[in-house]
Amino acid sequence: MTRSTAALLFGVCVFVAIVRPMRAEVTPEQVRTAIDRGVKYLKGQQRADGSWIDRPIMEGGISALCTLALLNSGVGPEDPTMQKALHHLRNIQSDKTYVISLQTMVFARAEPERDRLLIRRNVKWLEDNQITKGDYNGSWTYSVTPDGVGTGDNSNSQFALLALHEAERVGVQARERTWLLAKKYWSDNQNDDGSWSYKLKGTPGYGSMTCAGISSLVIASGKAIAGDAKVSGNRIECCTGGAFEEAEKIEKGLQWLGRHFSVHRNPSYQIWLLYYMYGLERAGRLTARRFIPLPSRAGQPSRADWYREGAEMLVRRQDGLSGYWTGVGGDETTPVVGTSFALLFLSKGRWPTLLGKLQHGPGEDWNRHRGDAANLTAFVESRWKRDLTWQVIDLRASTVEDLLQTPVLYLCGSESPLPERPDEQQQHAQKLRDYLDRGGFLLAEGYCGGGGFDRGFRRLIELMFPEPEYRLQLLEADHPIWYAEEKVDPDQVRPLWGVEFGCRTSVIYAPLDPPNNPRPSLSCLWELSRPGRGTKYNDAVRDRTDAALALGVNILAYATNRELRPKEETLFPSNRSGRGEDRFERGRLYVATLRHPGGCNSAPRAVANLMETAAEQLRLRTHVGEKPLAINDDTLMDHHLVFMHGRNAFRLTEAERRRLRQYVERGGMVLADSICASRAFSESFRREMAAVFPDRKLENISPDDPLLSAKYGGADLRLVSRRDPRQSNKGEPLKTETRTVPPDLEGVKFGDRWGVVFSPFDISCALERRASLECRGYTREDAARIGLNVLLYSLQQ
């Protein structure tokens, strides 16, 4: 079965209470710059025939490694450098495992349709030259193995498996026997302490080979072991799996790696540092681990953030003049080799995280279908044409910041996801609420026939949302979730329920069907989908798995709008405190969100995010209240600027109208917007402004108004970008057109100043950094520019 992480294979317990100390952090820009400089160096070292310096005995090996590094670093196959490199590699017919493996990985990534025959040729060579007899049965050596006899090694063997894995991702499958033999080889040759060595079990293990063992066992087990769901005739059987030995071996390997963890040396070995880093990236990514668990300190669990620490080391180790890397010993002292390994770590390790599967409870109830998240991720990769990954996240031990590394959390099970103790239940609920408040998205479903999950999840929703307006509601057929990218027949899957929170549906829940009409869970159907393996089912089963995959991609598109950040942007946060000494002291600016009954909590982070941007770009010292401010609050007059956004119809009291008028007439300013261009809110706001200011009226603000110019230090906003979701026919996929238009703003004027500025199109959701397909309004960048212009304008009045 195709799986990209060990968490598909087993439930893992990641306790993460202590973070390893680090020096001053590098920035996302430094990581990107390091990659760009490494790419420039490799391009400059290419020879006229498209090759790089190669060892005669391994002709094409280093050239293929350099080409693979450039491809993963964002250099497309259409680039002249790549065209020359691909032409060179297509003319090489090698009999060396390293060369054939790297060549296959290049062909599978660059132009797989064009090179399909070459990929098939190489897969057959690897199948035919796997050792099939003796102690090394299931491994590969440097070259051909006559009659299946040879002395293999774990380095050649891991590269052969990586090549076969990448070939399967583009539809060229290896024989099942090849995977079974490889799985047995790697399983049998793990040392008792959890490590792997270069050869057979019994010789001391070290870091690079232990990473190879972990990754190879993940890959081989994923191909050779039956999944946790199966089809018998027309009947789908879910939750059929059980524990198996490979899961324990992978966990044991990770524990060894944690005990010896370093990014400054190849653990227990003197050379091949950068080769080890390339292996560490695979071990972390393929096991869905952001953290490598370390031995406990003072009774508290500890962890290593492998990409963060590795990226920091590589940024600092890069040659300051030429942009290359060199390693320690072996071929990686050659700059093109060292640079290739470094680029592969930095580029592959920065793949955006699509979703996080939440681990809950003491057992493996959360992971009864171990291939669901990986299979869905692989399907989305094929649809979106980009590299993605996913993570296992322990809800009990993670912080809100940990949760925010992924845009979508997936919670599933048959038993209650809540702990037994009420205080811990509240902690879980608050953690998830904080995650949703900051733009996160939660997908949940019950499976395997247990009603405990349904009872526990509904209780969790009550704890997360004590406000009565946030309750689960059935998502009807006109909800974008059914057609965001692919049209899905709701009858093919279970009904979906959701919670409208913030700027969108932020929680989606698929409960169990009634016993008299049970339909498979999404998790079960994703488990069965096995992308890349060419599994054949009858039409009825295929229709269900296709519908589940289509619904999965719809949910993820709706939740993310395909706006996924590279890993370095989530791991290396910029300094946004806005506190401390400022170079240009202007005093502290007090702003607040007004409390009103029209959905004032719908975008809880919008104002805070705008003020963080103001602190960062304008050097302003700001203070934002943690909760919406009542219009009748005595401190209203102390606030320079207030925000009023919402998405529902509302009505103010007479006292609130009088107070708001008094605030604006005394020099205060209101910036309001209709979340996702809500007609109900817009109509209510215009009616209320007429009631608050009966002697004035909302009027259009000209694009040439000073408010929208650079006069006060802001941006020229005569033209802005606005997202306009459109649907040609009901039920058809939703398409978003981004148009360049004059800003559509209205205002109430007092003399020569605007006291109220209102946008009937969304600003707040964009400031929230929440991606929503159906949200009509300004792009994130221009929403922030409008907000900053209003802020700067208000300071001059």
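The present account deals with the structure reproduced in this document. (Residues numbered from 1 in each chain as written. Predicted model: local features only at pLDDT ≥ 70, side-chain atom pairs only at ≥ 80, totals over all residues. Heavy atoms only, no water.)

Examining the sheet that holds strand 23 (residues 777–778)
What links the strands of a sheet is backbone hydrogen bonding, and the strands pair in either a parallel or an antiparallel sense.
Link 1 in the chain: With antiparallel pairing, three strands are arranged side by side in an open sheet as 20-19-23. Single-partner strands in this sheet number two, and they are strand 20 (735–741) and strand 23.
Link 2 in the chain: By the bridge criterion, seven bridges tie strand 19 (residues 720–726) to strand 20 in an arrangement that is antiparallel. Within the sheet, the bridge partner assigned to Pro-725 lies in strand 20 and is Thr-736. (Pairing = 2+ DSSP bridges. Helix = DSSP H or I, 4+ residues; strand = E, 2+ residues; numbered from the N terminus.)

A closer look at the environment of Glu-486
Link 1 in the chain: Note that Glu-486 resides in the loop between strand 10 (473–474) and strand 11 (497–501).
Link 2 in the chain: Using a relative accessible area of 22% as the deciding quantity, one classes Glu-486 as partly exposed.
Link 3 in the chain: Counting along the chain gives 66 residues from Glu-486 to Gly-552, while the straight-line C-alpha distance between them is 9.8 Å.
Link 4 in the chain: For Glu-486, the contacting residues outside a window of four places in its chain are Phe-379, Arg-383, Ala-550, Val-553 and Asn-554. (Buried < 20%, exposed > 50% of the residue type's maximum accessible area, 1.4 Å probe, protein only. Contact = heavy atoms within 4.5 Å.)

Here we look at unusual backbone geometry
Link 1 in the chain: Within the chain, Cys-239 stands out as a residue other than glycine whose phi angle is a positive 55°.
Link 2 in the chain: Turning to its location among the elements, Cys-239 is positioned in the loop between strand 3 (235–237) and helix 9 (245–259).
Link 3 in the chain: Not every positive phi belongs to a glycine, and Ala-288 is a case in point at roughly 55°.
Link 4 in the chain: Note that Ala-288 resides in the loop between helix 10 (273–286) and strand 4 (291–297).
Link 5 in the chain: Overall, Ala-288 belongs to the buried group, its relative accessible area being 2%.

With respect to the packing of aromatic side chains
Link 1 in the chain: The tally for this structure, following the rule as stated, stands at 27 aromatic pairs.
Link 2 in the chain: With a centroid separation of 6.0 Å and 5° between ring planes, the pair formed by Phe-453 and Phe-457 is classed as stacked. Remark: Phe-457 and Phe-453 occur in helix 16 (residues 452–464); sequence separation between them is four residues, near one turn of the helix.
Link 3 in the chain: Take Phe-457: its relative accessible area is 0%, and that puts it in the buried class.
Link 4 in the chain: One aromatic cluster is present, formed by Tyr-98, Tyr-142, Phe-159, Trp-272, Tyr-275, Tyr-278 and Phe-341 through successive ring pairs.
Link 5 in the chain: Just above the ring of Trp-179 sits the side chain of Lys-223; from NZ or CZ to the centre is 5.6 Å. (Phe/Tyr/Trp six-rings, centres within 6.5 Å; stacked < 30°, edge-to-face > 60°. Lys NZ or Arg CZ within 6 Å of the ring centre and 35° of its normal.)

Let's talk about helix 16
Link 1 in the chain: When the terminal C-alpha atoms of helix 16 are compared, their 18 Å separation across 13 residues agrees well with the 18 Å that a helix rising 1.5 Å per residue should span.
Link 2 in the chain: Inspection of helix 16 places Gly-452, Phe-453, Gly-456, Phe-457, Leu-460, Ile-461, Leu-463 and Met-464 among the buried residues, and these make up the whole buried set. The buried residues of helix 16 occupy an angular sector of 160° when the element is viewed end-on, so they sit on one face.
Link 3 in the chain: Against strand 8 (408–413), helix 15 (422–437), strand 9 (441–446), strand 11 and strand 12 (504–510) lie the buried residues of helix 16. (Expected span 1.5 Å × (residues − 1). Arc of directions from axis to C-beta.)

Concerning the state of the cysteines
Link 1 in the chain: Within this structure, the stated rule accounts for three disulfides.
Link 2 in the chain: The partner cysteine of Cys-238 in its disulfide is Cys-524, sulfur to sulfur 2.0 Å. Disulfide Cys-238-Cys-524: the torsion about the S-S bond is -85°, which places it as left-handed. Residue Cys-238 is found in the loop between strand 3 and helix 9, and its partner Cys-524 is found in helix 17 (residues 522–529); the two are separated by 286 residues along the sequence.
Link 3 in the chain: Taking the relative accessible area as the measure of exposure, Cys-524 reaches 0% and is therefore buried.
Link 4 in the chain: The disulfide that involves Cys-239 links it to Cys-448, with 1.7 Å between the sulfurs. Note on the Cys-239 and Cys-448 pair: the S-S dihedral is about -80°, so by sign convention the disulfide is left-handed. Taken together, the residues Cys-239 in the loop between strand 3 and helix 9 and Cys-448 in the loop between strand 9 and helix 16 connect sequence positions 209 residues apart.
Link 5 in the chain: Residue classification places Cys-239 among the buried residues on the basis of a relative accessible area of 15%.
Link 6 in the chain: Residue classification places Cys-448 among the partly exposed residues on the basis of a relative accessible area of 28%.
Link 7 in the chain: Take Cys-412: it sits in no disulfide, and the sulfur closest to it among the cysteines is that of Cys-448, at 8.6 Å.
Link 8 in the chain: A relative accessible area of 0% places Cys-412 in the buried class. (Disulfide = S-S within 2.5 Å.)

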